[in-house]
Amino acid sequence: MTTSHLKVGSASMPALGLGLWKVPPSAASAMVYDAISEGYRHFDSACDYGNEPAVGEGLARALRDGLTARDALWVTSKLWNTYHRREHVRAACERSLRDLKLDYLDLYLIHFPIALRYVDFETCYPPEWIFDPSAPNPTMVLDRVPLQETWEAMEALVTAGLVKAIGVCNYNTGLIHDLMNYATVPPAMLQVEMHPQLPQHRLLKTAQSYGLPVTAFSPLGAGSYVELSMAEAGDSLLQADPVVALARRFGKTPAQVLLRWGLERGTALIPKSTRPERRRENLELFDFALDEDAKAALAALETGRRFNDPGDFCADAFHRFHAIYD
Ligand code: A2P
């Protein structure tokens, strides 16, 4: 059954959220406020997006104006790679809370299974991927921190009441199996790239076998990677013939067809849009359903193409090859 909410731990998360990656700080406050007016209640934030203070202003203004209540909102943030050591996890979470002007997060995720050398807040925040941007040959510098250490520190955030639930992003099946062996607080969410080109059937099945809900990021595919020169305009699923044909058949838009596909697989979705008409469009998914023919047409789009792959972008941009997917 396709529902508008997913059970996450003991809570209920709106299945359709607003992604905040690449939203300029200058636009984020108004965008979050407007999105709440439009009906969004789920926001997907991260330290690394560099806009949490502005996101927090939008949230605070909406709460002050009575557009919604805190307990009707779902706010996710993510622990950045430079804060994986046990002693840095709480401070990183508290910094996100301060920036977001919240006293708890609904969900806090390990952003990548990649530990980078610590950079303190005063030196650079958010520190992104490169250890020392002013060095003659700036590179990404790894740290030796087991993921179990980071997870245990994440569990302490739940105990301390800073976050309601914790989870992971960009984990593969092997890391999920391992996490289940040591987690005392079970992960409440797996967030990964997922769209018809990259349906990740085995990863989804593995998560489901543990009762672990999944959020699909970049659910529309290539779009956001074109502007980053990580994809070509021709890679777009929004213009793919089968998607356009299905949109026409159902009287919906290509984006709605792609998002509905994700919903019907039981995943949450967090498409970003700075455009109000697109944000509204992306919420209107509950008045149609894909039939078997439509699902078969979308299944044929699978190519295995992954747009957000550290194995590609770290080598290109940060002078260090560091693959996490085989
Ligand atoms: P824009 O913000 O200009 O609307 P992400 O992969 O991070 O979720 O980003 C989604 C990408 O798809 C963004 O580039 C966004 O651009 C675009 N987008 C979001 N919603 C729609 C839509 N309904 N139709 C077409 N493009 C969309």
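For the structure itself, consult the block above.
This is a predicted model, so every value here is computed, not measured.

Enquirer: So, the overall build of the protein: which residues are in play, and what are the values?
Expert: Of the regular secondary structure elements, the protein holds twelve helices and ten strands. For 326 residues, the compact-globule estimate of 2.2 N^0.38 gives 20 Å, and the C-alpha radius of gyration of the protein, at 19 Å, lies within 12% of that figure. Along the first, second and third principal axes, the C-alpha atoms of the protein reach 55 × 45 × 40 Å. When burial is assessed residue by residue, the protein has 55% of its 326 residues classed as buried. Carbon and sulfur atoms make up 50% of the accessible area of the protein, which amounts to about 14100 Å² in all. Positive and negative side-chain charges in the protein, numbering 32 and 40 respectively, have mean positions lying 3 Å apart.

Enquirer: Go over the pattern of salt bridges, please, and point to the residues and values.
Expert: In the structure shown here, the tally under the stated rule is 14 salt bridges. A salt bridge links Arg-279 to Glu-38, with the shortest nitrogen-to-oxygen separation between them at 2.8 Å. Remark: Glu-38 occurs in helix H1 (residues 25-38) and Arg-279 occurs in helix H10 (residues 276-283); sequence separation between them is 241 residues. Residues Arg-279 and Glu-38 agree in their burial class; the two are buried. Among the charged side chains, a salt-bridge network with shared partners connects Arg-260, Glu-264, Glu-292 and Lys-295.

Enquirer: Before we move on, can you summarise the nonpolar core with the specific residues and values?
Expert: Soluble globular proteins tend to pack their nonpolar side chains together in the buried interior. One finds Phe-43, Leu-59, Tyr-108, Trp-129 and Leu-190 to be the most contacted residues of the largest nonpolar core, which totals 98 residues. Each residue touching Leu-59, except ones within four places of it in the same chain, is listed here: Val-32, Ile-36, Phe-43, Leu-73, Val-75, Leu-100 and Leu-102. Formed by six residues, the second largest nonpolar core is a distinct cluster that contains Phe-217, Tyr-225, Ile-270 and Phe-307.

Enquirer: Describe in detail the sheet that holds strand S8 (residues 190-193), supporting the description with residues and values.
Expert: In any sheet, the strands associate via hydrogen bonds between backbone groups, in a parallel or an antiparallel arrangement. Taken together, the eight strands give an open sheet; going across it, the order is S3-S4-S5-S6-S7-S8-S9-S10, and neighbouring strands pair in parallel fashion. Two strands in the sheet have a free side with no partner beyond their single neighbour: strand S3 (18-19) and strand S10 (268-269). Across four bridges, S8 lies against strand S9 (residues 214-217) in parallel orientation. When the bridges of S9 are listed, Gln-191 appears paired with Thr-215.

Enquirer: Can you lay out helix H3 (residues 86-100) for me, pointing to particular residues and giving the numbers?
Expert: With 15 residues, H3 ought to run about 21 Å at 1.5 Å a step, and its terminal C-alpha atoms sit 22 Å apart, in line with that. Every buried residue belonging to H3 is among His-88, Val-89, Ala-92, Cys-93, Arg-95, Ser-96, Leu-97, Asp-99 and Leu-100, and all of these are buried. Of the surrounding elements, those touching the buried residues of H3 are helix H2 (52-64), strand S5 (74-79), strand S6 (107-110) and helix H4 (147-159). Positive backbone phi, at 60°, marks Lys-101, one or two positions downstream of H3.

Enquirer: Give a description of helix H5 (residues 173-182) that names residues and reports values.
Expert: What H5 keeps buried is the set Ile-176, Leu-179 and Tyr-182. Relative to the axis of H5, the buried residues are bounded by an arc of 130° and lie together on one face. Of the surrounding secondary structure, the elements contacted by the buried residues of H5 are H4, strand S7 (166-169), S8 and helix H6 (201-209). Where H5 begins, one side-chain oxygen reaches toward the backbone nitrogen of Gly-174, 3.2 Å away; that side chain belongs to Asn-172.

Enquirer: Describe the site of the ligand, and please don't skip the residues or the numbers.
Expert: Taken together, 18 residues are adjacent to the ligand, and Ser-224, Lys-272, Ser-273, Arg-278 and Asn-282 come closest. For the ligand, an oxygen atom lies 2.9 Å from a polar atom in the side chain of Ser-224. Here a nitrogen atom of the ligand and a side-chain polar atom of Asn-282 are 2.9 Å apart. Notes on the ligand: free accessible area 570 Å², of which the protein chains cover 88%. Broken down by element, the residue count for the shell around the ligand peaks at three residues, all from H10. Its residues placed into classes, the shell around the ligand shows six nonpolar, six polar and six charged.

Enquirer: Which residues make up the pairing of strand S2 (residues 11-14), and what values do they have?
Expert: By the bridge criterion, four bridges tie strand S1 (residues 5-8) to S2 in an arrangement that is antiparallel. Pairing of Lys-7 across the sheet is with Ser-12, part of S2. Between S1 and S2, which pair antiparallel and follow one another directly, the connecting turn spans two residues, one of which, Gly-9, has a positive phi of 60°.

Enquirer: How would you summarise the state of the cysteines if you had to cite specific residues and measurements?
Expert: With the rule as written, the count across this model stands at zero disulfides. No disulfide involves Cys-124; its sulfur sits 9.7 Å from the nearest other cysteine sulfur, which is in Cys-47.

Enquirer: Which residues make up the side chain of Ser-218, and what values do they have?
Expert: Within the secondary structure layout, Ser-218 lies in the loop between S9 and helix H7 (223-226). Every residue in contact with Ser-218, bar those within four places of it in the chain, is listed here: Glu-193, Met-194, His-195, Ser-224 and Tyr-225.

Enquirer: Describe unusual backbone geometry, and please don't skip the residues or the numbers.
Expert: Put simply, Tyr-125 and Pro-126 share a cis peptide bond, and its omega is -10°. With respect to the helices and strands, Pro-126 occurs in the loop between S6 and H4. Of note, the phi angle at Lys-101 is positive, near 60°, even though the residue is not glycine. You can see Lys-101 is positioned in the loop between H3 and S6. Look at Lys-101 and you get partly exposed, because its relative accessible area is 44%. Backbone geometry at Ser-218 places phi at a positive 50°, although glycine is not the residue there.

Calculation notes
Residues numbered from 1 in each chain as written. Predicted model: local features only at pLDDT ≥ 70, side-chain atom pairs only at ≥ 80, totals over all residues. Heavy atoms only, no water. Helix = DSSP H or I, 4+ residues; strand = E, 2+ residues; numbered from the N terminus. Rg over C-alpha atoms; globule rule 2.2 N^0.38 Å. Buried < 20%, exposed > 50% of the residue type's maximum accessible area, 1.4 Å probe, protein only. Areas by Shrake-Rupley, 256 points an atom, 1.4 Å probe, with all protein chains shown as cover. Lys, Arg positive; Asp, Glu negative; His and termini not counted. Charge placed at Lys NZ, Arg CZ, Asp CG, Glu CD. Salt bridge = Lys/Arg side-chain N within 4 Å of Asp/Glu carboxyl O. Core = buried A, V, L, I, M, F, W, Y, C linked by side-chain atoms within 4.5 Å. Contact = heavy atoms within 4.5 Å. Pairing = 2+ DSSP bridges. Expected span 1.5 Å × (residues − 1). Arc of directions from axis to C-beta. Polar contact = N/O pair within 3.5 Å; in protein donor to acceptor, adjacent residues only side chain to side chain. Near = heavy atom within 4 Å. Nonpolar A, V, L, I, M, F, W, Y, C, P; charged D, E, K, R; others polar. Disulfide = S-S within 2.5 Å.

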